[in-house]
Amino acid sequence: MRIVRFIFFAALLLVKLVFLAYCCLRAYRIRMHAINTFGYVIHEFDPWFNYRATEYLAEHGWSKFFKWYDHMSWYPIGRPVGTTIYPGMQIASVWIWEAMKLIPTTKYQIPKDVLSQLPKWVMGYLPNKGKFLAFGPMSLNDVCCLVPCWFGASATFFVFLLSSELSESTTAGLASAAIMSIIPAHIMRSVGGGFDNEAVALTAFCAVLWLWVVSVRSPRAWPVGILAGLAYICAAAAWGGYIFINNLIGLHAAFLVGLGKYNSSVYRAYTLYYVVGTLGAMQVPVIGWAPLRSVEQMPSLLVFLGYQVLELCDMYRGRMKTPMSGTRFFAFRVLVFTALGAAGAAVAYVLMQLGVFMPLGARIRGLFLEAVKTGNPLVDSVAEHSPANAKAYEMYLGNPRYLAVVGLLFCWHQRTPGKIIAFLYAAVAYHYSLKMSRLIVICGPIVSVLAGFPIGIIADWCIEQLLALITFKPKAVEEKPSPARTGGMGSIIRTWWHYFGPMVVPHEVKDLAKLKDGFAQRLWFVDRPIRAAIAAAILMAAYNKSQSYVKDFVAHCDRMAKQMSNPQLMFQTKLRSGEEVIVDDYIRGYEWIRDNTPEDARVMAWWDYGYQITGVAKRTSIADGNTWNHEHIATLGRILTSPEKKCWNAMRHLADYALVWAGGHGDDMGKSPHLARIGNSVFPDHCGDEDPLCQKFSFYQDGSPTPMMAKSFLYRAVNHNVKDGVRLSPKLFKEVHSTKYGLMRVYKVLNVSQESKDWIADPKNR
C-alpha cells in the first residue's frame, strides 16, 4: 500500500508543479494586455522618470548615477536624483538588459509534428502562438516594459512559497498563487509598460516574508535570517514602502515574545535579519541613516534592542552557579527593562531636542490622521492618497476578500511560529489601505494568501480521507518538544491555561475527542468510508458552488487588467462611425516638442507632466511628480492660475514654451482648482486670506468659470479659440502646435528674458 501512496503523491506533485507553472504564466500573460494592444510603450507619469533614470544608469554607470544632479528637472534649481531615488528597479532592469546581451540571437521553428500533438488552446499560451521561439538581446525600453510582467510572475511564485509555509499545505499555496496571478490589486502596479517601483518591491516583500517565516520555523532554521535580510535590502532599494515590511516583521517578532514563543533561535533569526537588512538598506543613498533616525522606523529598532536585552538576561541566568527560579527571573527582567527603558527614554528625549530624529512625513501622517487631511494640500490633492472605500475593495480585491476573512480562521492550528504574521499583515494592510487607496496594492498578497488557506487545507483533508480507503497514512514523526522556558510570557500563559483552560476546553470536549479517536482505531472499516463520503460531498458541493464565483472573478480580473492597461499617453476609443482607433495625441505632442524645439528649451506645465516632458520630449521641465519641493510647485500653480499678463511676467523668466492638456479628456481644467489651492497655500494673497481653499477659482453649477478662473492663463490656454471670446494675447503667447484631436496644446512664450536664461545656465549660479 505504501507504493500506491507514493505513486499517488508523485503524480499529485507533478500536477501541482504544472499548475504552479501555469499560474506564473497566467500572471505574465494577463499583464501583457497593454503591450499586445499598444506595443512597447512606457506608461503614465512616474514610469517615465523611472525609465529615464534607467537609461542614465545604463549609459553612465553606478558611480555617476549616484552623483547625478539633474538640471533638466525642477528648473531652475534642479534635483539631486542619485540621492533621492530608490534605485532597486533601475539596477535590476539594467542587470537583466546586460545579461540578455549575452544571449545569442536565436530563432527556433517548432516542428509541425510537435504542434499537431498539442491541444489548440495550448497554442494560445505559446510565444508567437507556437509559430516559432525567438531568443536574444532586447532594447532597454523593451526590458523596462516587460519587467512588471516578469516580476508579476515572480510575485506569484513567492506567494505560493509564503502561503505553503504559513499553512503547511502546498495545495493552499497553489490556490493563493492562482489568485495572486490575476488579482487586480497587484496588477494595478504591474501591467506591461507600467514601470512602477511597486512592481519589483511587492515581489521582494513576499520574498522577505517567506524567508523570515522560514527562519523562525524551527530551532535550526535561524541562519535563513541572513537571506531574509538580503531580500529586505532589495525591498528597501526598490520602494519607500519598505518601512511597512520592516515594521511588520518587527511587530511579528514582538508578538512572538508576547505569545511565549521567544527563544535563542528566534533571537538569532531576528538579529541577523535586522543587522544585515539595516546595514544594507543604509547603503542606499535615499535611505542613509533613516533606520536609526526616522520616527516611523523606530518600532523595528526598539524590537531589536529589546531582543538584545532579553538575550543578555538569558545569558546572565545561564551563567549563574545557582539556578534562578522563574519568578525571580521574571522580576529580574522587569527590573532590567524598567531601568534600561528609563535610561533610553532620557537619551531619546535629549536626542530629540538636538534634532537627531526626523519627524513623520506628510504621507506617513496621513496614515494616522482622520480622512486625508495631512496638512499638506499638495499631498491631499492627489487622488490615490484619498481613503479607500467599499467600491475600491470590490474593484481591486474582488470575491477572494470574503474568502480571506474565512482564511483567518485557518491560520491558528499550524506548528510554525510564523502563522500569526498572516493575521498581523492583514490587520496592518487593511488599516493602511483604509487611509490611502494607493496602498490597496499591499493587500493583494495577503488576500491571496488567506483566501488560499480554506481552499487548500480543506482540499488536503478531503484528499487524505479518500486516500485512506486504499492506504494507511504513515504516522508523523513526533518532534521532541523544546525545554519550557520559565520566567517569561510562556510561563504566564501556561499558568493561565492551567487554571482557565478547563473553562475554554471542558473535559467533555476532550472526552469526545478521545471517543472519536478510539472509534477511528477500533472501527476503522466504518470510520473511513464515512469520512470519505463526507470528503466527497464537500468536494462536490465546493466544485458546484464555486464555479460561478470563479468564472466571475476571472472575468472581472481580465476586464480590470484591460482597463488598467491604458498607457494614458494613448488610449483606445470609438469614433462616431463606430471605428475603433488608438488616440495617441499625448505621446505625439511630446514627440513634436522633441523634434521641433531647441534642445535647451524649457517647457512649463503642471507638475503631473514633468516626467513626460523630460522623458519623452527630452526637454527641461519646471516640476514633476517627485513633489519634493512644496514651495516650487506652489509657485508653478500660482503662475498658471494667475491672470494672463501676470502669468507672462513670471513665465518669461522661466520657460520658452507652455504646455496644457485640453479637449475634455482629463484636461487641465478639471484639476485647475487644485493648482490654485496649492498656490494659495504658500502665497495667501493669491486668493486672499478670506478664501484659504481658493473657492473663487472654480466653476459655477452651470459649468461656467468664476471671474478669477476666466482671467487665468490656464483657462484661456485650454480654451483658446475653442470657446467664443476666449483667446490668449498674441503679444504674449503664440500657439505653435495642437495635436490631431486637440488633447494637447503647445504655446511659445514671446519675449523670453534671455538675461534670466543665461544667468541660470551659468554654472557659477547653480
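See above for the structure.
Everything numeric here is computed off the predicted structure, so don't read it as measured data. (Residues numbered from 1 in each chain as written. Predicted model: local features only at pLDDT ≥ 70, side-chain atom pairs only at ≥ 80, totals over all residues. Heavy atoms only, no water.)

**Q** Summarise the state of the cysteines; cite the residues concerned and give the values.
**A** Counted by the stated rule, this structure contains 1 disulfide. A disulfide bridge connects C687 with C694, and the sulfur atoms are separated by 1.5 Å. We note that C687, like C694, is buried. Just so you know, C206 is unpaired, no disulfide at all, and the nearest cysteine sulfur is the one on C24, 12 Å from it. By relative accessible area, C206 is classed as buried at 2%. C411 takes part in no disulfide bond, and the closest cysteine sulfur, belonging to C443, lies 16 Å away. Its relative accessible area of 1% is what places C411 among the buried residues. (Disulfide = S-S within 2.5 Å. Buried < 20%, exposed > 50% of the residue type's maximum accessible area, 1.4 Å probe, protein only.)

**Q** Lay out the packing of helix α15 (residues 298-319) against helix α16 (residues 326-353) with the relevant residues and their values.
**A** Between α15 and α16, the shortest axis-to-axis distance is 11 Å and the interhelical angle comes to 140°. With respect to their mutual orientation, α15 and α16 come out oblique. Here α15 runs over α16; the crossing is right-handed. Where α15 approaches α16, its residues G306, V309, L310, C313, D314, Y316 and R317 are matched on the opposing element by G326, F329, F332, R333, V336, F337 and L340. (Axes fitted to C-alpha atoms, helices over the stretch in contact; angles between N-to-C directions. Helix = DSSP H or I, 4+ residues; strand = E, 2+ residues; numbered from the N terminus. Parallel < 35°, antiparallel > 145°, perpendicular 65-115°, else oblique. Left-handed = near helix turned anticlockwise from the far one by under 90°. Contact = heavy atoms within 4.5 Å.)

**Q** Talk me through empty space enclosed by the protein; I want residue IDs and the actual numbers.
**A** Here the structure, examined in full by the defined rule, presents 2 cavities of 30 Å³ or more. Size it by volume and the second largest cavity reaches roughly 30 Å³. Along its surface, the second largest cavity is lined by L162, L166, L209, I421, A422, Y425, I446 and V449. Going through the elements one at a time, α7 (140-167), α21 (420-435) and α22 (443-467) are the ones with two or more residues in the lining of the second largest cavity. It is α21 that provides the largest number of residues to the lining of the second largest cavity, a total of 3 residues. (1 Å grid on protein atoms, 1.4 Å probe; cavity = no way out; pocket = protein on both sides within 12 Å on 5 of 7 lines; lining within 4 Å. Points joined across faces, edges and corners; volume = space filled by probe spheres on them.)

**Q** Let's hear about unusual backbone geometry: which residues, and what values?
**A** In this structure, the amide linkage connecting Y75 to the following residue, P76, adopts the cis form with an omega of 5°. Summarising the element assignment, P76 is placed in the loop between α3 (46-65) and α4 (88-101). Not every positive phi belongs to a glycine, and C694 is a case in point at roughly 55°. Here C694 is to be found in the loop between α30 (668-682) and α31 (707-711). Given a relative accessible area of 2%, C694 falls into the buried group. With a phi angle near 60°, N721 is a residue other than glycine that sits in the positive phi range. Locating N721 in the fold gives a position in the loop between α32 (713-718) and β8 (733-738).

**Q** Could you give me a rundown of α4, with the residues and numbers involved?
**A** Taking 1.5 Å per residue as the helical rise, α4 with its 14 residues ought to reach 20 Å, and the 20 Å between its terminal C-alpha atoms agrees with that figure. Within α4, the full set of buried residues consists of G88, M89, Q90, I91, A92, S93, V94, W97 and M100. Packing partners of the buried residues in α4 comprise α3, α7, α10 (197-215) and α11 (224-238). (Expected span 1.5 Å × (residues − 1).)

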